[in-house]
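Observations on the model geometry
The lines below spell out each chain.
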Amino acid sequence: MQADDARYLKRKYKGGSLDVHPTEKALVVQYEVEATILGEMGDPMLGERKECQKIIRLKSLNSNTDIASLARKVVEECRLISPSRLPEVEQLLFYLQNRKKSAEKKEKKQIKPRDLTPFEGMELDEEANINSIDDYVELLYEDIPEKIRGATLILHLARNPDNLEELLQNETALGALARVLREDWKQSVDLATTIIYVFFCFSSFSQFHGLITHYKIGVLCMSIIEHELKRYDLWQDELLKKKKAGDDDPDNQNLKKEYEKALKKYHGLLTKQEQLLRVALYLLLNLSEDTRTELKMRNKNIVHLLVKTLDRDSEELLVLVVSFLKKLSIFLENKNDMAEIDTVEKLAKLVPCEHEDLLNVTLRLLLNLSFDTGLRSKMVQADLLPKLTSLLGDEAQRQIAMCILYHISMDDRFKSMFAYTDCIPQVMKMLFDCGDERIDAELISFCINLAANKRNAQIMCEGNGLKMLMKRALKHKDPLMMKMIRNISQHDGPSKNLFIDYVGDLAAQIHTYLSSSSFLTMSEISPDCIGVPQRLKTGLLPREGCDCLSSSSSLTDGYGQIGVTPARPATAYGFRPDEQFYYGYTASR
């Protein structure tokens, strides 16, 4: 065929099957494109067929949606679906509306900080070809719609890792993308999102980070994020003014319609902006693998930008932002930046939440921050104590929640606040449910701290609490459990009188300990066994209890006092080598 003979190109679209998307709220339309080149006389000279698919996302679909109206709208706007298939569309939409949420939860659980799903606007009616890269670059020198199309075609190539090496060699293409982003990002959010996505594909591999640094894409992303957050504040202010104007004059229908129109426009702009923020922040998160690059981000106020983004409602965006903050929080400077602003208060709003990944990463960030005394105080002020206590019943989040609560319980001023939650009954149940298994260090350490408060100790002794604790401590010779009992015994009041029944058992343990040829080979339970009687004797126990303790000279020194033990409450970390137990005991032997 001669090139001069070809005069016309005719495209014919033929609709195919229609089905629901396996995981998203969307319809998938399969169709066929037949392209025919016609000659001068209109005769077909060359033809080709290609199978394609189109995804129709239904973001507004929920339990209250009018299925019939939505089906008509889908058929009207998609030329690939024949009006005769309207009943089929309604049936599929009804299925999507009532589909179980297990698939959605599974998809949410799969969202990881380094994954980035395709966004609306990436669909093309043609397949990108690496051999046509020069044609796509030429589109970057046209108007905005052509630039978006050219960038999208290059993006489809970049999403295939096999093409990245070849794209890396094409400096013209990468230079053109960087130039267009630098010059035109304010003119089109779609264009900026698509080009940043191209560089994000490179950022997923450490060996390409130098390329992104060369074109200064990271700095540009920081500027774009800062600008978009300012735009968001302006949108909020404008929307609030229009809402207030409508509320002040409820009879004015024009103001009401103007507000509804502005609200609809706001939601559309917000969706596109969040797509841009996600891809830009993902790129920065990948680049922050290098601590030197992370320091540059910190100097450009990345922490403040991330904390400001916590006001958003998009769960996918929040997972990313909180993950980024968690990574930054391991450095003292970044933690101090978070302490200066309302980070904890904003994180408290995310606990609890239905999104499992978001809840988990939020708790991990709070755990990192809980090492700071001032931030622990903010957590209590933000009413996180009862929220964290409620998570003890969630097996997936229990461990992290308990670690945070343990840190909070280290401060004496907060210990008493646990008595006003259901925390103590829960942890006591966990202790007893362990049976003959070893108790987790976090759980018993937390209980040891709680027992140092009088009201907490009384709650622990309610019912058969003390009996169960003594039974386990003596049976398993558990030193940490004995530390907990020792802390309970230091408080005056009803709980101290409960120890009368166990004086004999304690004395037997102490006698066995003191009569051992080498106390260093014995269980560590015995030092705390000595500590409990000493604390009981300093209380106002009945005389027979004191007589029982004093009847064995092997338990007392020359002045009739119980064997030497530290005066302060025990902790999960044991005694310091310089405390009197180590030296005083040797002298008494």
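Residues numbered from 1 in each chain as written. Predicted model: local features only at pLDDT ≥ 70, side-chain atom pairs only at ≥ 80, totals over all residues. Heavy atoms only, no water.

As annotated in an unreviewed UniProt entry, the chain is Kinesin-associated protein 3-like from Cyprinus carpio.

**Some details on the overall build of the chain**
Let me state the cut-off plainly: Under the scheme used here, helices are H or I runs from DSSP no shorter than 4 residues and strands are E runs no shorter than 2 residues, and both carry numbers assigned from the N terminus. Note on exposure labels: buried denotes an accessible area under 20% of the residue type's maximum, exposed denotes more than 50%, and partly exposed covers the range between, all computed with a 1.4 Å probe on protein chains only. Any two residues whose heavy atoms approach within 4.5 Å at even a single point are treated as in contact. Per-residue and other accessible areas were derived by the Shrake-Rupley procedure at a 1.4 Å probe size, with only the shown protein chains allowed to occlude residues.
Helix and strand counts for the chain come out as 31 helices and three strands. Considering the chain as a whole, with its 589 residues, one finds that 46% of them fall into the buried category. In the chain, once contacts between residues fewer than 6 apart in sequence are set aside, the share between residues at least 24 apart is 70%. Summing over all exposed atoms, the chain offers an accessible surface of approximately 31,200 Å²; the carbon and sulfur share of this is 50%.

**Quick word on helix α26 (residues 479-489)**
Stated precisely, the cut-off is as follows: N or O atoms closer than or at 3.5 Å make up a polar contact, with two conditions inside protein: a donor-capable atom paired with an acceptor-capable one, and, for residues adjacent in sequence, both atoms drawn from side chains.
With nine of its eleven residues buried, α26 lies for the most part within the structure. Those residues of α26 not exposed but buried are Met481, Met482, Lys483, Met484, Ile485, Arg486, Asn487, Ile488 and Ser489. Structurally, the start of α26 carries an N-cap: the backbone nitrogen of leucine 480 is 3.1 Å from a side-chain oxygen of aspartate 478.

**Observations concerning the environment of leucine 58**
As for its placement among the helices and strands, leucine 58 is situated in the loop between β3 (44-57) and α1 (67-77). Overall, the relative accessible area of 5% leaves leucine 58 in the buried class. Note: C-alpha distance between leucine 58 and leucine 70 (twelve residues apart in sequence) is 9.0 Å.

**Comments concerning unusual backbone geometry**
The linkage connecting valine 351 with the following residue, proline 352, adopts the cis geometry, with an omega of -5°. In this structure, proline 352 sits in the loop between α16 (343-348) and α17 (356-369). Its identity as a non-glycine residue notwithstanding, asparagine 301 has a phi of 70°, on the positive side. Inspection of the secondary structure assignment puts asparagine 301 in the loop between α12 (291-299) and α13 (302-309). A relative accessible area of 37% places asparagine 301 in the partly exposed class. In this structure, lysine 477 takes a positive phi of about 50° despite not being glycine.

**A look at the pattern of salt bridges**
Where charged atoms from two side chains of opposite charge come close, those side chains can pair. Put simply, the test is: What makes a salt bridge here is a side-chain nitrogen of Lys or Arg within 4 Å of a carboxyl oxygen of Asp or Glu, nothing more.
The tally for this structure, following the rule as stated, stands at 19 salt bridges. Salt-bridge contacts for aspartate 184 lead to lysine 147; the nearest nitrogen and oxygen are separated by 2.5 Å. Highlighted residues: aspartate 184 in helix α7 (residues 171-184) and lysine 147 in helix α5 (residues 144-158), separated in sequence by 37 residues. Accessibility assignment for this pair places aspartate 184 and lysine 147 in one class, buried.

**Here's the deal with the packing of aromatic side chains**
In plain terms, the rule: Ring pairs are drawn from Phe, Tyr and Trp, using the six-membered ring of Trp, whenever the two centres fall within 6.5 Å, and their geometry is named by plane angle: stacked under 30 degrees, edge-to-face over 60, tilted for the rest. Our definition puts a charge over a ring when NZ of Lys or CZ of Arg is within 6 Å of the ring centre and also within 35 degrees of the ring normal.
All told, the structure shown has six aromatic pairs when counted by the stated rule. Relative to phenylalanine 208, the ring of phenylalanine 202 has its centre 5.5 Å away and its plane inclined at 80°; by these criteria the two rings are edge-to-face. Between arginine 312 and the ring centre of tyrosine 232, over which it is positioned, the NZ or CZ distance is 3.8 Å.

**Concerning helix α23 (residues 441-450)**
Of all the ten residues making up α23, eight are buried; the element is thus mostly covered by neighbouring parts of the structure. Those residues of α23 that sit buried are Leu443, Ile444, Ser445, Phe446, Cys447, Ile448, Asn449 and Leu450. Those residues of α23 that are buried lie in contact with α20 (398-409), α21 (412-415), α22 (423-433), α24 (454-461) and α26.

**Thoughts on the environment of threonine 309**
The topology assignment puts threonine 309 in helix α13. Taking the C-alpha atoms as reference points, threonine 309 and valine 322, separated by 13 residues in sequence, lie 9.5 Å from one another. Those residues in contact with threonine 309, other than ones at most four positions away along the chain, are Leu229, Leu317, Leu318 and Val321.

**Here we look at the confidence of the model for the chain**
Stated formally: Predictor confidence is given residue by residue as pLDDT, running from a minimum of 0 to a maximum of 100.
Across the chain, pLDDT averages 81, with 79% of residues at or above 70. Note on residues 1-6: pLDDT is under 50 here. Beyond four places in sequence and across chains, it has eight contacts. Ignoring residues within four places in sequence, the model shows residues 102-114, a span with pLDDT below 50, making 26 contacts including any to other chains.

**Notes on the packing of α13 against helix α14 (residues 315-328)**
Note the threshold: With axes taken as lines fitted to C-alpha atoms, and helix axes fitted only over the stretch in contact, angles between N-to-C directions fall between 0 and 180 degrees. Here is the rule for handedness: rotate from the far helix to the near one, and if that takes an anticlockwise turn smaller than a right angle the crossing is left-handed, while a clockwise turn gives right-handed. Three classes are used: nonpolar for Ala, Val, Leu, Ile, Met, Phe, Trp, Tyr, Cys and Pro, charged for Asp, Glu, Lys and Arg, and polar for all others, with Gly counted as polar.
Remark: α13 packs on α14, axes separated minimally by 9 Å, with the N-to-C direction vectors making an angle of 145°. Remark: the crossing between α13 and α14 carries left-handed chirality. Between α13 and α14, the residues in contact are Ile302, Val303, Leu306, Val307 and Thr309 and Leu317, Leu318, Val321, Phe324, Leu325 and Leu328, respectively. Looking at side-chain class alone, the contact of α13 with α14 contains ten nonpolar, one polar and no charged residues.

**Things to note about the nonpolar core**
Here is the rule we go by: Definition used in this section: a nonpolar core is a set of buried Ala, Val, Leu, Ile, Met, Phe, Trp, Tyr and Cys residues joined via side-chain atoms within 4.5 Å.
Leu431 and Met484 are the most contacted members of the largest nonpolar core, which totals 136 residues. Broken down by element, the residue count for this core peaks at eleven residues, all from helix α8 (residues 189-203). Residues contacting methionine 484, with those up to four places away along its chain left out, are Met428, Leu431, Ile444, Cys447, Ile448, Ala451, Met460 and Leu469. In this structure, Leu18, Leu61, Leu70 and Leu93 belong to the second largest nonpolar core, which totals 22 residues.

**Remarks on the side chain of asparagine 456**
As for its placement among the helices and strands, asparagine 456 is situated in helix α24. Within the structure, the side chain of asparagine 456 is placed 3.5 Å from the backbone nitrogen of alanine 419, a separation counted as a polar contact. With sequence-adjacent residues up to four places away left out, asparagine 456 is seen in contact with Lys415, Phe418, Ala419, Ile424 and Leu450.

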